[in-house]
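Okay, here's what each chain looks like letter by letter:
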Amino acid sequence: MIEGAIWRKWVFFYAPMGLFLLFLLFPFYWMVITSVRPDGELYRPWNAINYNPFWTWKPTLDHVRYLFEETLFASWLWNTMFIALMSTAISLVCGVFAGYALSRLNFPFAGSLGTGIFITYLVPQTLLFIPLAEIVRNYRLGDTPWSLILTYPTFLIPFCTWLMMGYFKAVPKELEECARIDGASRWQAMLYIIIPVAIPGILSAGIFAFTLSWNEFIYALVFLSSPEQKTVPVGVTSELIRGDVFFWGPLMAGALLGSIPVAIAYSFFVEHYVAGLTGSVKG
Amino acid sequence: MGQVVLKGINKFYDSVHAVVDVNLQIRDKEFVVFVGPSGCGKTTTLRMIAGLEAISSGDISIDGNVVNDLAPMDRDIAMVFQNYALYPHMSVYDNMAFGLKMRKFEKAEIDKRVREAADILGIGDYLKRKPRQLSGGQRQRVALGRAIVRHPRVFLFDEPLSNLDAKLRVQMRVELKKLHLRLGTTAIYVTHDQVEAMTLGDRVVVMKDGLVQQVGEPLELYNQPANKFVAGFIGSPAMNFANVTVTEANGSLLAENSGLRIKLPDETAQRLRGHVGREVTLGVRPEDLTVAGAADADRPCFDAVIEVVEQLGSEILLDMKVGDGVMVASIEPTVRVKVRDKLRLAMRPSRLHVFDAKTETAI
């Protein structure tokens, strides 16, 4: 915090902070305002007399209605939710166990295995989707939610494992030793002591994984083809941009509604999430 | 019952020999303290007894049963850790009850034991709190409570007081002693603090570089240290050492170096008969030095120049230059001295220690 006179605080803290906020929030504002603006206003030329890009006096929910009545937005939402939750669950379970094992059990090649997992995370999706497409086709998973539920963990598990590894390392070893002297088996010590203590870490891994799979684009675009199977990011962009025509109203409404679940997830766990990132375990 | 026997215990970490051939019999109800500088293998030994560390060779038995291959949970021990290791997500009550729950005790019995332990330790008012809401001393008590509810055969303490501030440490030390007298459970305690070792232990095991240097009652270690290391480690301020050459003159033995030339008392001289002409290390504790008066003519005396005067109220510590060496003396607070004073000091003849200069063992 900046000490001293009030004007210093305003100049060096509040003003830069305000500018930064403005910069960050403007796209959201633009999204909201566009999604409630009638088409007549949206496509008005910039040199028209009543051109007013930042405000509307005639807000409308037409675009939202269009989204739900004329497109498959509701099923896209459901698809995205289902795929994101399932792949997050799979990745979390694997990530927690793998992270625990890599940070706590001394087995040969534990270190190089950890690095190996990290390297797989570094392979860009834009390359990985090519072999994955082949695999998805061979297992006849194409155009089903499972094509994504089973491929998202390829980048989510390394991510969760690494986050959890770091977190487990911060949990004092004595906690577990004490539990084991107290009469808990390794499993019980992990279940009753280590995992509850690591909840903030698990939550942040979960939120990150959920967001990553919610926003994922390439795999969803490649592995799903029929409109009713699509996820929100792919559905909105492929069905609401036809040729070179952008349906700005429904596009923005779709983007807005699509970002709400993630925002809710974040705000719900924000406290734990911050604790998880700073990796603090207080005994 | 709680008799622990260590037989030829060794521990290797790759090429490091961390614990070397430790043999020890700990009797039932005994309070044994392992003490030594950090890295001396004392904590490793304790962890091997707990089962948290595998034994490289040797046998550990509790009440006659070899426990080498038993899991920590099956050894019927309880351990208190340096950082307390309280489960942060559980209340004080649940922390204490955890071990009993894991062992499938009845609810009523768990409740009875937890409240009993809480009573003994005076933490009955905090049972619903979480560890983070407690002070250091309170956490320490909870950690103790978690150990005593189990009624184990052996308590293991790994430097339990070193995270507390000095005043609280002294207070908890007394409470630990009382607790041991009350419960009578065998206790093995690891510390690097020789004061804790002296005050708590029925017997003290001094370790260095993985080797047991001496095992004995506190006063035995203080009065008859087996080697120079034990002599210097036990007692505060530490014992003074001076390398001297033994010479013979007129039938009596003298110890000489650049600043010292003292006639050795008969009893010491007896032991040094065979060392004439050789170098030995002379040891004398600061509290065994007095300002020499007329009555001290027959005592070993030497001259010193005072370099620092430390007033402690109950005593004065003098840092002095003696020849090329330095010595510390603890003298009566009533003596008036100042820096750069020349002083003649006398040693208590019966309290003179002699060590072989090479092997450092007591002669």
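Residues numbered from 1 in each chain as written. Chains lettered and ligands numbered in written order. Predicted model: local features only at pLDDT ≥ 70, side-chain atom pairs only at ≥ 80, totals over all residues. Heavy atoms only, no water.

Asks: Would you mind showing me how to read a nonpolar patch on the surface here?
Replies: On the surface, Met17, Phe20, Leu21, Phe23, Leu24, Leu25 and Phe28 of chain A cluster together to form a nonpolar patch covering roughly 750 Å² of accessible area. Note on placement: Leu21 of chain A falls in helix 1 (residues 6-35). (Patch = residues over 30% accessible without salt bridge, like charges linked within 9 Å, V, L, I, M, F, W, Y side chains within 5 Å. Areas by Shrake-Rupley, 256 points an atom, 1.4 Å probe, with all protein chains shown as cover. Salt bridge = Lys/Arg side-chain N within 4 Å of Asp/Glu carboxyl O. Helix = DSSP H or I, 4+ residues; strand = E, 2+ residues; numbered from the N terminus.)

Asks: It is not clear to me how the pairing of strand 6 (residues 77-80) of chain B should be interpreted in this structure. Could you clarify?
Replies: All names here are of chain B. The alternating pattern of strand 6 places Ile77 and Met79 and Ala78 and Val80 on opposite faces, both of which are buried. In this sheet, strand 7 (residues 154-158) lies alongside strand 6 in parallel orientation, the contact comprising four bridges. Paired with Ala78 across the strands is Phe155, a residue of strand 7. (Buried < 20%, exposed > 50% of the residue type's maximum accessible area, 1.4 Å probe, protein only. Pairing = 2+ DSSP bridges.)

Asks: Sorry, what's going on with the sheet that holds strand 14 (residues 279-284) of chain B here?
Replies: Strands in a sheet are paired, the pairing made by backbone hydrogen bonds, and the direction either parallel or antiparallel. All names here are of chain B. Taking strand neighbours across the sheet as the criterion, the five strands line up as 13-12-11-14-20 in an open arrangement whose pairing is antiparallel. The strands lining the two open edges of the sheet, one partner per strand, are strand 13 (261-263) and strand 20 (353-356). In this sheet, adjacent strand axes meet at a mean angle of 40° when their direction is disregarded. (Axes fitted to C-alpha atoms, helices over the stretch in contact; angles between N-to-C directions.)

Asks: What is the right way to read the packing of aromatic side chains from this model?
Replies: The relative placement of two aromatic rings is captured by the distance of their centres and the angle of their planes. Counting across every chain of the model gives 30 aromatic pairs over all chains. Here Phe159 of chain A and Phe208 of chain A contribute two aromatic rings whose centre-to-centre distance is 5.5 Å and whose plane-to-plane angle is 75°, an arrangement assigned as edge-to-face. On the criterion of sequence distance, the pair formed by Phe159 of chain A in helix 8 (residues 153-170) and Phe208 of chain A in helix 11 (residues 199-215) is long-range, its members being 49 residues apart. On the basis of relative accessibility, which here comes to 24%, the residue Phe208 of chain A falls in the partly exposed class. Seen in terms of ring centroids, Phe157 of chain B and Tyr189 of chain B are 5.6 Å apart; in terms of plane orientation they differ by 45°. Their pairing is tilted. Of this pair, Phe157 of chain B sits in strand 7 while Tyr189 of chain B sits in strand 8 (residues 186-191), placing them 32 residues apart in sequence. (Phe/Tyr/Trp six-rings, centres within 6.5 Å; stacked < 30°, edge-to-face > 60°.)

Asks: Could you clarify how one ought to interpret empty space enclosed by the protein in this entry?
Replies: The gaps left among the atoms become clear once a water-sized probe is rolled over them. Applying the stated criterion to the full structure yields two cavities of 30 Å³ or more. What the largest cavity holds in volume is close to 60 Å³. Elements represented by at least two residues in the lining of the largest cavity include exactly strand 7 and helix 5 (166-183) of chain B. Ranked by residues supplied to the lining of the largest cavity, first place goes to helix 5 of chain B with four residues. Across the lining of the largest cavity, the residue classes tally to eight nonpolar, two polar and no charged. Taken as a whole, the second largest cavity holds about 40 Å³ of empty space. Every residue along the wall of the second largest cavity is listed here: Cys178, Ile181 and Asp182 of chain A together with Ala78, Met79, Arg146, Ala147 and Arg150 of chain B. Elements with a minimum of two residues in the lining of the second largest cavity: helix 9 (173-181) of chain A together with strand 6 and helix 4 (136-148) of chain B. Its residues assigned to classes, the lining of the second largest cavity comprises five nonpolar, no polar and three charged. (1 Å grid on protein atoms, 1.4 Å probe; cavity = no way out; pocket = protein on both sides within 12 Å on 5 of 7 lines; lining within 4 Å. Points joined across faces, edges and corners; volume = space filled by probe spheres on them. Nonpolar A, V, L, I, M, F, W, Y, C, P; charged D, E, K, R; others polar.)

Asks: I tried to follow the interface of chain B and chain A on my own but got confused; where do I start?
Replies: Bring the parts together and some accessible area is lost; that lost area is often taken as the interface size. With 25 residues of chain B at the interface, the matching set in chain A holds 20 residues. Where chain B abuts chain A, roughly 1,900 Å² becomes buried across the two surfaces, and 65% of that area is made up of carbon and sulfur atoms. On inspection of chain B and its partner chain A, the count reaches 10 residue pairs in polar contact (both at pLDDT 80 or more). Listing elements by their share of the side of chain B that touches chain A, those giving two or more residues are helix 1 (42-50), strand 6, helix 2 (92-102) and helix 4 of chain B. The residue makeup of the side of chain B that touches chain A, split by class, is 16 nonpolar, three polar and six charged. (Contact = heavy atoms within 4.5 Å. Buried area = accessible area lost by both parts, 1.4 Å probe. Polar contact = N/O pair within 3.5 Å; in protein donor to acceptor, adjacent residues only side chain to side chain.)

Asks: I would appreciate a short explanation of the domain arrangement of chain A in the present structure.
Replies: Residues and elements named next belong to chain A. Splitting chain A by domain gives domain 1 (1-60) and domain 2 (68-278). On a C-alpha basis, the centroid separation for the pair domain 1 and domain 2 is 32 Å. Contacts between the two partners involve seven residues from domain 1, matched on the other side by nine residues from domain 2. Summed over both partners, the interface of domain 1 with domain 2 comes to about 620 Å²; 78% of that surface belongs to carbon and sulfur atoms. Area buried by domain 1 at its contact with domain 2 is led by Met31, Ser35 and Tyr43, which between them contribute 65% of it. Here domain 1 is connected to domain 2 by zero salt bridges. Joining domain 1 to domain 2, the criterion identifies two residue pairs in polar contact (both at pLDDT 80 or more). Sort the elements by how many residues they give to the side of domain 1 that touches domain 2 and helix 1 lands first, with five residues. For the side of domain 1 that touches domain 2, a count of residues per class yields five nonpolar, two polar and no charged. (Domains from an automatic or database assignment.)

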